Amino acid sequence: MILNIDDLSVSYGEVAALRGVSLGVEEGSIVSVIGPNGAGKSTLANTVTGFRPYGGSVTYDGTEVSSVDASDLVADGLIHCTEDRDLFGYMSVEDNLELGAYRHGDGEAERLEYVYDVFPTLEQRKNQNARTMSGGEQQMLAIGRALMGDPELLILDEPTLGLAPVILEDISEAIEEIRADGVTVLLCEQNVTFAMNHADHIYLLENGRIEKDGTPDDLRGDDYIRDAYLGG
Ligand code: ATP
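Only a predicted model underlies this, so the values are computations on that prediction, with no experimental measurement involved. (Residues numbered from 1 in each chain as written. Predicted model: local features only at pLDDT ≥ 70, side-chain atom pairs only at ≥ 80, totals over all residues. Heavy atoms only, no water.)

Caption draft 1: Representation of the overall build of the protein. Helix and strand counts for the protein stand at ten helices and ten strands. Considered along the principal axes of its C-alpha atoms, the protein spans approximately 45 × 45 × 35 Å. Out of the 232 residues in the protein, the part that is buried amounts to 49%. In the protein, the share of contacts with a sequence separation of at least 24, taken over all contacts with a separation of at least 6, comes to 67%. (Helix = DSSP H or I, 4+ residues; strand = E, 2+ residues; numbered from the N terminus. Buried < 20%, exposed > 50% of the residue type's maximum accessible area, 1.4 Å probe, protein only. Contact = heavy atoms within 4.5 Å.)

Caption draft 2: View of the side chain of N96. Here N96 is to be found in helix α3 (residues 93–99). A relative accessible area of 0% places N96 in the buried class. Not counting chain neighbours up to four residues away, the residues in contact with N96 comprise L87, F88, M91, A130, L141 and R145.

Caption draft 3: Quick look at the site of the ligand. In the vicinity of the ligand, 13 residues are found, and the nearest of them are N37, G38, K41, S42 and T43. T43 is positioned with one of its side-chain polar atoms (N or O) 2.5 Å from an oxygen atom of the ligand. In the model, an oxygen atom of the ligand is placed 3.2 Å from a nitrogen or oxygen of the E83 side chain. Contact with the protein chains hides 60% of the accessible area of the ligand, taken as 630 Å² for the molecule alone. Of all the elements, helix α1 (residues 41–48) adds the most residues to the shell around the ligand, at three residues. (Near = heavy atom within 4 Å. Polar contact = N/O pair within 3.5 Å; in protein donor to acceptor, adjacent residues only side chain to side chain. Areas by Shrake-Rupley, 256 points an atom, 1.4 Å probe, with all protein chains shown as cover.)

Caption draft 4: Layout of the pairing of strand β4 (residues 55–60). Across five bridges, strand β1 (residues 3–12) lies against β4 in antiparallel orientation. By the bridge assignment, D6 is partnered in β4 with S57. Pairing analysis gives two bridges linking β4 to strand β5 (residues 63–64), with the strands arranged antiparallel. Among the inter-strand pairings, T59 is bridged to a residue of β5, identified as E64. In this antiparallel pair of consecutive strands, β4 and β5, the connection spans two residues, and D61 shows a positive phi of 50°. (Pairing = 2+ DSSP bridges.)

Caption draft 5: Layout of the packing of helix α4 (residues 108–118) against helix α7 (residues 165–180). For the pair α4 and α7, the least separation of the axes is 10 Å and the interaxial angle reads 135°. Classified by the angle their axes make, α4 and α7 are oblique. Across the interface between the two elements, Y114, D117 and V118 from α4 touch A174, E177 and I178 from α7. Here the residues of the contact of α4 with α7 are counted per class, giving four nonpolar, no polar and two charged. (Axes fitted to C-alpha atoms, helices over the stretch in contact; angles between N-to-C directions. Parallel < 35°, antiparallel > 145°, perpendicular 65-115°, else oblique. Nonpolar A, V, L, I, M, F, W, Y, C, P; charged D, E, K, R; others polar.)

Caption draft 6: How the structure looks around the pairing of strand β8 (residues 184–189). Among the six residues in β8, six count as buried, and that is most of the element. What you see with β8 is no split at all: T184, L186 and C188 on one side and V185, L187 and E189 on the other are buried throughout. Note that strand β7 (residues 153–157) and β8 share five bridges and pair parallel. Each bridged residue has a counterpart across the sheet, and for I155 the counterpart in β8 is L186. For the segment spanning β7, α7 and β8, crossover handedness is right-handed. (Right-handed = clockwise from strand over helix to strand, strands pointing away.)

Caption draft 7: Spatial organisation of the pattern of salt bridges. Scanning the entire structure with this criterion turns up eight salt bridges. The partner of D150 in a salt bridge is R111, with the nearest N and O atoms 3.2 Å apart. Of the two residues, D150 is situated in the loop between α6 (135–148) and β7 and R111 in helix α4; the sequence distance between them amounts to 39 residues. Since its relative accessible area comes to 33%, D150 is described here as partly exposed. By relative accessible area, which is 15% here, R111 ends up buried. Here E137 and R125 are joined by a salt bridge, their closest N and O atoms 3.5 Å apart. (Salt bridge = Lys/Arg side-chain N within 4 Å of Asp/Glu carboxyl O.)

None of this, on its own, says anything about what the molecule does.
Following this line, the structure appears as structure tokens:
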């Protein structure tokens, strides 16, 4: 397992956001965490990349994440594309991308070529300010910048949020291209159909607890998932 989470608990003051969460991500796979608003998906993503104190255990490549600096995790290929995207709006697309490659030095030009291959739109828009891009283009840019960091484990937090179906197609294709290149993906998603289209294994998070897990086929056959998440 490239990522192993065992009995994880995270609180915001009195509010318990994650309770006894255990899950594993095998190298080369796509694992998705699904669940409604407030279930704790972003908290989980933020904890794995070192932004939250926690109880229990979270190991990346065998190392407890709380025992190292977040910047070392990035250097070791743990890259997080946050729900907020965190783009630099007054900088160009290409400058935003280059910021994602700060640990690469000489490899930057190659990474840029790779990202432009995954998202040709970004090359066409490379001189445009990030804030003037559409929501879908900004999402591509956020994922592209994460790819500039040469991830081994890429955490994507709600990459489909608010996107039109035609853009979902682009993001879908990109995720499969990223998988084909050997990158492991942890996909936090509210769009259950999208998660099922890509994930090898899915965990359902509700109210800070894992309530179910299985392959997409297992979960498609589950009455509760069908009724609550797939519209019956
Ligand atoms: P969404 O998809 O709506 O972002 P989520 O599944 O990612 O939801 P989280 O954002 O992780 O869920 O939130 C989990 C719980 O923790 C919620 O009850 C939320 O209100 C609470 N929470 C999240 N961030 C904070 C914070 N900074 N301070 C206090 N409570 C927080």
